[in-house]
Amino acid sequence: MRFFPTTVALFALLALSACGGSSDDAQQSDFEVIDNTAEVQAYYAERPEFFSFKTLADLPTGLNWEDGSHLPEVGSPEAKKGGTEYIRLQDFPRTLRTMGPDSNGSFRIYLLDDVSMSIAHRHPNDFEYFPGLAESWAVDHENKTVFVKLDPKATWSDGEPITSDDFFFMFFMNQSSYIVAPWYNNWYKTQYTNITKYDDLTFSISVPEAKPDMGSRVLELRPTAEHFFKELGDDYVERYQWRFETTTSPYLLDDKNLKKGRSVTLTRNKDWWAKDKKHWRYRFNMDKIHLAVIRDTSKHFEAFKRGDIDQFNLRLAEYWYEKLPDDDQDVASGYIHKSMFYNQHPRPTFGMWINTSKGLLDNRDIRVGIQYASNWDLVLEKFFRGDYARMKTSSDGYGEFTHPTLQPREFDINKAQEAFARAGFTERGPDGILQNEAGQRLSFTFSTGYEHYKDILTILKEEALKAGLELRLEVLDSTAGFKKVQEKKHDVHFVAFSVSLEMYPRFWETYHADNAYDVPFLEDGSVNPDRKVKTQTNNLEELALQEMDSMIDQYRISADKQEMIDLAHRMTELHHEHASFVPGFVQPGYRIGHWRWIRYPEGFNYKHTRRWDELFVHWVDSDLKEETQAAKNSGQKFEPEINFYDQFATP
């Protein structure tokens, strides 16, 4: 779980980073040639409980092997191969590594997240798995183990076969300190208990708990090319800084297509092993993807309007309604299409995170008053033009795990003042702000790292004044905003965490006392009066309730789906009662502008997609591009297309 960067926020963060790849970058010839084979084999041998070797004769009988063959194919048979898609980069990537320092930038989706293959992948409509690198798999809940048979055709981009050894090496590399990635080290050491090789194409991986979605923790793993990283060592960060990794992706990067500070061009691998494989053959259609650095958003929009960039994110109302209105000449002439797609996906947690370790904010009546003094309906009306909806809980979008009836507190001046009065704030000062008997004003800093959402904070501030509450606005850049809340120096902060496509929400990271204080409670269960705030965690509310901790602990070890659902509902109710989070808004989907030559399948996209380009089901129609450019020059017009795809819209 990490902070949710809207496109603008993420790009703003990247803009703070220096461009990688200066003339001082080390060349490959500067590094000593090493071979870590002996070290890797010794690592396996020293950990026989984690790394096991057996034969096919040892494979359990009676396993239920699956291959997802019943699932409808992803992509459209109408898709055309060829052409180049032109995309904007806010800044040049700082590295080509996908692990370690500076690797988690926006460019990584083109190297790993959206393009590489895992063992299996969730179907974007049906939530079940279809094959990636696997031919089939079997989930053994009783023994907390997933068995995998790799597709014998699966190869790396350099033609080397993908084998069980690459999954062994995946654990070696992710557990290694060489990669300078503590989170990966912790995850791969604690969330898996064993990998067993039966032959080159057959292996199993075990996990510590038999969760209802236990299979996903294994099936979504990606291998690491053992032969490519034979030089992995202490100098990993520098040695592999600008080396394009041997990949399972359909796209390759040649050194000559890496224009430092200016652009990156990816080329489709026409010998890609999965090019004719179901669920993959009608995707990744462009021959080339050209990503050009355009740092300023206004310049980006201008490039899009010129046709130099093919698609543009129209998430913000000002772009959808004002900068590219329906009567824009290019839209009205049918050259640019506008598309709104309603999806179903766990929603980023946009809202007001109240730091309960701060004075006054440790008082529940104050927090309840803030809830009632927050006019989110006006935000939805004025800022989002009625296009977005109110968030109900911090775990919206998880189906039966989301609370079915809980509603956020509505804006109500009287109820806000009643709550503030219970906390002793009954009299208004000359500026209209409530005070208590000691003359203390009801005033808090209201901060955010989202500059482009500052008008939301202004609306909330002005409305809160009606209830006698002062919210002092502090608009920071994304880096400073992140630093402030990670150090727990905020009063009330507007932010969101991104969430993955998972069966159920997570609670430990954000609501467990272990992530709020060093020693939250004494042995007798009472609050530790000397406890210290724990920084660098995601418990931004400093929520520390023993009842919540007990439920979270049981939730994490439970293998009973219904028990987990009941616990999720009870934890959500307790969180609502605690009133330390004011739910904000949810985006019901995504909307874009795209030139007429960018085509999508019938229905545009899939239910569980987060972005229009996530699955690469679109394509460039070069004939339509030529036709559109000629028509634009001659004045010929086409039927305008402003499409709303609501087949997956939720009430």
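Residues numbered from 1 in each chain as written. Predicted model: local features only at pLDDT ≥ 70, side-chain atom pairs only at ≥ 80, totals over all residues. Heavy atoms only, no water.

Engineer: Hey, could you run me through the overall build of the protein in this one?
Structural biologist: Counting its secondary structure elements, the protein contains 18 helices and 30 strands. Projecting the C-alpha coordinates of the protein onto the three principal axes gives extents of approximately 75 × 75 × 55 Å. Each of the 651 residues in the protein was classed as buried or not, and the buried ones make up 57%. When contacts within the protein are restricted to residue pairs at least 6 apart in sequence, long-range pairs at least 24 apart make up 74% of them. Positive and negative side-chain charges of the protein, numbering 77 and 103 respectively, have mean locations separated by a distance of 3 Å. (Helix = DSSP H or I, 4+ residues; strand = E, 2+ residues; numbered from the N terminus. Buried < 20%, exposed > 50% of the residue type's maximum accessible area, 1.4 Å probe, protein only. Contact = heavy atoms within 4.5 Å. Lys, Arg positive; Asp, Glu negative; His and termini not counted. Charge placed at Lys NZ, Arg CZ, Asp CG, Glu CD.)

Engineer: Just checking my understanding: could you explain the pattern of salt bridges for this structure?
Structural biologist: Pairing is possible between side chains of opposite charge, provided their charged atoms come close. The final tally for this structure, using the stated rule, is 40 salt bridges. Among the salt bridges present, the one from Arg217 reaches Glu209, with a minimum N-O distance of 4.0 Å. The exposure class of Glu209 is partly exposed, given its relative accessible area of 23%. Its salt-bridge partner being Arg364, residue Glu577 comes within 3.0 Å of it at the nearest N-O pair. (Salt bridge = Lys/Arg side-chain N within 4 Å of Asp/Glu carboxyl O.)

Engineer: Honestly, a negative patch on the surface in this entry has me stumped. Any pointers?
Structural biologist: On the surface, Glu66, Asp67, Asp126, Glu128 and Glu135 cluster together to form a negatively charged patch. With respect to the helices and strands, Glu66 occurs in strand β3 (residues 65-66). A relative accessible area of 36% places Glu66 in the partly exposed class. (Patch = residues over 30% accessible without salt bridge, like charges linked within 9 Å, V, L, I, M, F, W, Y side chains within 5 Å. Areas by Shrake-Rupley, 256 points an atom, 1.4 Å probe, with all protein chains shown as cover.)

Engineer: Would you mind showing me how to read the sheet that holds strand β23 (residues 492-495) here?
Structural biologist: Strands pair in a sheet through their backbones, by hydrogen bonds, and they do so in one of two ways: parallel or antiparallel. The strand order across the open sheet formed by five strands is β22-β21-β23-β17-β25, and the pairing between neighbours is mixed. At either margin of the open sheet sits one strand with a lone partner, and together these are β22 (470-475) and β25 (581-583). The mean angle between the axes of side-by-side strands here comes to 25 degrees, regardless of whether they run parallel or antiparallel. Of the pairings in the sheet, the one linking strand β17 (residues 351-354) to β23 comprises four bridges and is antiparallel in character. Its bridge partner lying in β23, Trp353 is registered against His493. In the packing of helix α10 (residues 364-372) onto the sheet, the strands contacted are β17, β21 (443-448) and β25, and the crossing angle to β25 comes to about 15 degrees. (Pairing = 2+ DSSP bridges. Axes fitted to C-alpha atoms, helices over the stretch in contact; angles between N-to-C directions.)

Engineer: Mind showing me how you'd approach the pairing of strand β14 (residues 288-293) here?
Structural biologist: Each regular strand shows side chains that alternate between the opposite faces of the sheet. Only one face of β14 is covered, namely the one carrying Ile289, Leu291 and Val293; the face carrying Lys288, His290 and Ala292 has none of its residues buried. Pairing geometry for strand β4 (residues 84-89) and β14, over six bridges, is parallel. Note that in β14 the partner of Ile87 across the bridge is Leu291. Of the pairings in the sheet, the one linking strand β13 (residues 263-268) to β14 comprises five bridges and is antiparallel in character. Bridging from a neighbouring strand, Leu266 pairs with Ile289 of β14.

Engineer: In this structure, what is going on with the packing of α10 against helix α12 (residues 413-422)? I would like to understand it.
Structural biologist: Two numbers describe a pair of packed helices, the interaxial angle and the distance between the axes. Axis separation between α10 and α12 bottoms out at 8 Å; the angle between their running directions is 165 degrees. In terms of orientation, α10 lies roughly antiparallel with respect to α12. Crossing hand, α10 versus α12: left-handed. Between α10 and α12, the contacting residues are Asp365, Ile366, Val368, Gly369, Ile370 and Tyr372 on the first element and Lys415, Ala416, Ala419, Phe420 and Arg422 on the second. Taken together, the residues of the contact of α10 with α12 sort by class into seven nonpolar, one polar and three charged. (Parallel < 35°, antiparallel > 145°, perpendicular 65-115°, else oblique. Left-handed = near helix turned anticlockwise from the far one by under 90°. Nonpolar A, V, L, I, M, F, W, Y, C, P; charged D, E, K, R; others polar.)

Engineer: What's the story with the domain arrangement of the protein in this structure? I'm lost.
Structural biologist: A common way to express how large an interface is: the accessible area buried when the components associate. Along its sequence, the protein is carved into domain 1 (24-76 + 97-241), domain 2 (314-343 + 588-645) and domain 3 (351-586). Centre-to-centre, using C-alpha coordinates, domain 2 lies 37 Å away from domain 3. Each partner contributes to the interface: domain 2 provides nine residues, whereas domain 3 provides nine residues. Summed over both partners, the interface of domain 2 with domain 3 buries about 870 Å², with 52% contributed by carbon and sulfur atoms. Counting the surface domain 2 buries against domain 3, the share from its top three residues, Leu316, Tyr321 and Pro588, is 45%. (Domains from an automatic or database assignment. Buried area = accessible area lost by both parts, 1.4 Å probe.)

Engineer: Mind showing me how you'd approach the nonpolar core here?
Structural biologist: A general tendency of soluble globular proteins is for nonpolar side chains to be buried together. Residues Tyr236, Ile370, Phe420, Tyr453, Ile456 and Phe585 are the most contacted members of the largest nonpolar core, which totals 175 residues. Take this core: its biggest share by element is seven residues, from helix α3 (residues 164-175). Filtering out sequence-adjacent residues up to four positions away, Phe585 remains in contact with Pro348, Phe350, Trp376, Leu380, Phe384, Tyr388, Ala389, Arg390, Met391, Tyr453, Ile456 and Phe494. (Core = buried A, V, L, I, M, F, W, Y, C linked by side-chain atoms within 4.5 Å.)

Engineer: Where do I start with the packing of aromatic side chains in this structure?
Structural biologist: When we look at a pair of aromatic rings, we describe it by the centre distance and by the angle of the planes. Applying the stated criterion across every chain, the model contains 66 aromatic pairs. Ring geometry for Phe228 against Tyr240: centres 5.7 Å apart, planes inclined by 50 degrees, an arrangement best described as tilted. Placement of the pair is Phe228 in the loop between α5 (214-219) and α6 (236-239) and Tyr240 in the loop between α6 and β11 (251-252), with a sequence separation of 12 residues. Among the residues examined, Tyr240 registers a relative accessible area of 1% and is labelled buried. Between the aromatic rings of Tyr251 and Phe616, the centroid separation amounts to 6.2 Å while the plane-to-plane angle is 45 degrees, which identifies the pairing as tilted. Of this pair, Tyr251 sits in strand β11 while Phe616 sits in the loop between β28 (598-599) and β29 (619-620), and the two are 365 residues apart along the sequence. The class for Phe616 is buried, based on a relative accessible area of 3%. (Phe/Tyr/Trp six-rings, centres within 6.5 Å; stacked < 30°, edge-to-face > 60°.)

Engineer: Can you help me understand the environment of Gln647 in this one?
Structural biologist: Inspection of the secondary structure assignment puts Gln647 in the segment after β30 (642-645). Residue classification places Gln647 among the partly exposed positions, given a relative accessible area of 41%. Along the primary structure Gln647 and Phe147 are separated by 500 residues, whereas in three dimensions their C-alpha atoms are 36 Å apart. For Gln647, the residues in contact, after removing those within four places along its chain, are Phe341, Gly603 and Asn605. For Gln647, the side chain forms a polar contact with the main-chain oxygen of Gly603, separated by 2.9 Å. (Polar contact = N/O pair within 3.5 Å; in protein donor to acceptor, adjacent residues only side chain to side chain.)

Engineer: Explain the sheet that holds β3 here, please?
Structural biologist: In spatial order, the strands read β2-β9-β10-β8-β7-β3; together these six strands make up an open sheet with mixed pairing. Edge positions in the open sheet fall to β2 (51-53) and β3, since each of these has one partner strand only.

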